[in-house]
Amino acid sequence: MTGITEDEVLHRTESNVSWITLNRPEAMNAVTWDQRERVIALLAEASADPAVRAVVLTATGKGFCAGADLRGGAAAGERVAGDVARMIRLGAQRLITAVLDCEKPVLAAVNGTAAGIGAHLALACDLVIAAEPARFIEVFVRRGLVPDGGGAYLLPRLVGPQKAKELMFFGDALPAADAERLGLVNKVVPAEELEATARAWAERLAQGPTRALALTKQLVNASLDGDRATALAAEATAQEINMTTADANEGVASFVERRTPKYLGR
């Protein structure tokens, strides 16, 4: 891929878990255009690869992601109407959508500061584990900007509109412990325990009924956008699809036979 070296986004697959690691610690992992494209591609690959059954998104150094590094993009020229909206649609919004639409559960292991699009990247994940030093910052207001990357969509659904406005209006740093109290984070651990905790959770997910998890993710993500009838219809459809999978048959059989199920992700 032009413009990016492989070590700027590290990737490995272990125990059916795809580990995606932002690796520009000197820039607090501010994400470039090329890094964004690499992460999007890896998430798409995870969806399509039966051998991948969970994803961990993390970073090196003291920062998880300090936001967007626009210096990684094309050279700026004269701006015309429509350029900014197009950039947001094709950039930050595509990145967040790639996480939300990934067909495997995505776990964020937040090692440090998550600011701007970096905060939204973490919050778009299905589960969030944060190291104690981590902070979440809606930094946009500090720059006189409107939040992007789906922030005004994600935050109210996680903490309610009043708290979302407080975070976005003031742009104060939110410590990991407070983020956990608000429901933005599932678990806070000492920094030295972050990787091991993320690995334990991810490998547990990777041993689960992968297609059932994908359908559950879709149902939950859509639940706040539609009415009850739509949600119940989607649930019935998801149940119909899932009952054709080998894992559903295994789950029922293991219950009847009083043994631990062995899911294959199919």
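Residues numbered from 1 in each chain as written. Predicted model: local features only at pLDDT ≥ 70, side-chain atom pairs only at ≥ 80, totals over all residues. Heavy atoms only, no water.

Caption draft 1: Representation of the overall build of the chain in the model. Along its length, the chain carries 11 helices and 10 strands. Relative to the globule expectation of 18 Å for 266 residues, the C-alpha radius of gyration of the chain, 19 Å, shows essentially globular dimensions. Taken across its 266 residues, the chain has 44% of its residues classed as buried. A separation threshold of at least 6 residues defines the contact pool for the chain, and within that pool the share at least 24 residues apart is 70%. Here the chain has roughly 14000 Å² of accessible surface; of this, 55% comes from carbon and sulfur atoms. With 29 positive and 33 negative side-chain charges, the chain shows a separation of 2 Å between the mean positions of the two kinds. (Helix = DSSP H or I, 4+ residues; strand = E, 2+ residues; numbered from the N terminus. Rg over C-alpha atoms; globule rule 2.2 N^0.38 Å. Buried < 20%, exposed > 50% of the residue type's maximum accessible area, 1.4 Å probe, protein only. Contact = heavy atoms within 4.5 Å. Areas by Shrake-Rupley, 256 points an atom, 1.4 Å probe, with all protein chains shown as cover. Lys, Arg positive; Asp, Glu negative; His and termini not counted. Charge placed at Lys NZ, Arg CZ, Asp CG, Glu CD.)

Caption draft 2: Summary view of unusual backbone geometry. Positive phi is not limited to glycine here, since Met-28 has a value of about 55 degrees. Positionally, Met-28 belongs in the loop between strand 2 (17-22) and helix 1 (33-48). Residue classification places Met-28 among the partly exposed residues on the basis of a relative accessible area of 30%. Although it is not a glycine, Asn-29 sits at a positive phi angle of roughly 60 degrees.

Caption draft 3: Layout of empty space enclosed by the protein. Taken as a whole and judged by the stated rule, the model has one cavity of 30 Å³ or more. Considered class by class, the residues forming the lining of the largest cavity number seven nonpolar, no polar and two charged. (1 Å grid on protein atoms, 1.4 Å probe; cavity = no way out; pocket = protein on both sides within 12 Å on 5 of 7 lines; lining within 4 Å. Points joined across faces, edges and corners; volume = space filled by probe spheres on them. Nonpolar A, V, L, I, M, F, W, Y, C, P; charged D, E, K, R; others polar.)

Caption draft 4: Broad picture of the layout of surface pockets. In this structure, the second largest pocket encloses a volume near 630 Å³. Taken together, the elements giving at least two residues each to the lining of the second largest pocket come down to helix 3 (92-101), strand 7 (127-131), helix 5 (151-159) and helix 9 (210-223). For the lining of the second largest pocket, the element with the most residues is helix 9, which contributes six residues. When grouped by side-chain class, the residues that make up the lining of the second largest pocket number 16 nonpolar, five polar and five charged.

Caption draft 5: Spotlight on the packing of helix 5 against helix 6 (residues 161-170). Helix 6 packs onto helix 5 with a crossing angle of 130 degrees between their chain directions and a minimal axis gap of 7 Å. Taken together, the axes of helix 5 and helix 6 lie oblique to each other. The handedness of the crossing between helix 5 and helix 6 is right-handed. For the pair helix 5 and helix 6, contact is made by Gly-151, Ala-152, Leu-155, Pro-156 and Val-159 and by Pro-161, Lys-163, Ala-164, Leu-167 and Met-168, respectively. By residue class, the composition of the contact of helix 5 with helix 6 is eight nonpolar, one polar and one charged. (Axes fitted to C-alpha atoms, helices over the stretch in contact; angles between N-to-C directions. Parallel < 35°, antiparallel > 145°, perpendicular 65-115°, else oblique. Left-handed = near helix turned anticlockwise from the far one by under 90°.)

Caption draft 6: Local environment of the packing of aromatic side chains. Taken as a whole and assessed by the stated rule, the structure comprises zero aromatic pairs. Across from the ring centre of Trp-19, 4.6 Å away, lies the NZ or CZ of Arg-12, which sits over that ring. The cationic tip of Arg-157 hangs over the ring face of Tyr-153; the distance from NZ or CZ to the ring centre is 3.8 Å. (Phe/Tyr/Trp six-rings, centres within 6.5 Å; stacked < 30°, edge-to-face > 60°. Lys NZ or Arg CZ within 6 Å of the ring centre and 35° of its normal.)

Caption draft 7: View of the sheet that holds strand 8 (residues 135-137). Within the open sheet, the four strands sit side by side as 4-6-8-9. Their pairing is mixed. In this open sheet, the two edge strands, each paired with only one partner strand, are strand 4 (63-65) and strand 9 (174-175). Pairing between strand 4 and strand 6 (residues 113-115): two bridges, direction parallel. From the neighbouring strand, Cys-65 faces strand 6, where its bridge partner is Ala-114. (Pairing = 2+ DSSP bridges.)

Caption draft 8: Here's a closer look at helix 9. Under the 1.5 Å per step criterion, the end-to-end length of helix 9 is 20 Å for 14 residues, consistent within 8% with the ideal 20 Å. Regarding helix 9, the residues found buried are Thr-210, Ala-212, Ala-214, Leu-215 and Lys-217. The inward-facing, buried residues of helix 9 abut helix 3, strand 5 (106-110), helix 10 (228-242) and helix 11 (246-256). (Expected span 1.5 Å × (residues − 1).)

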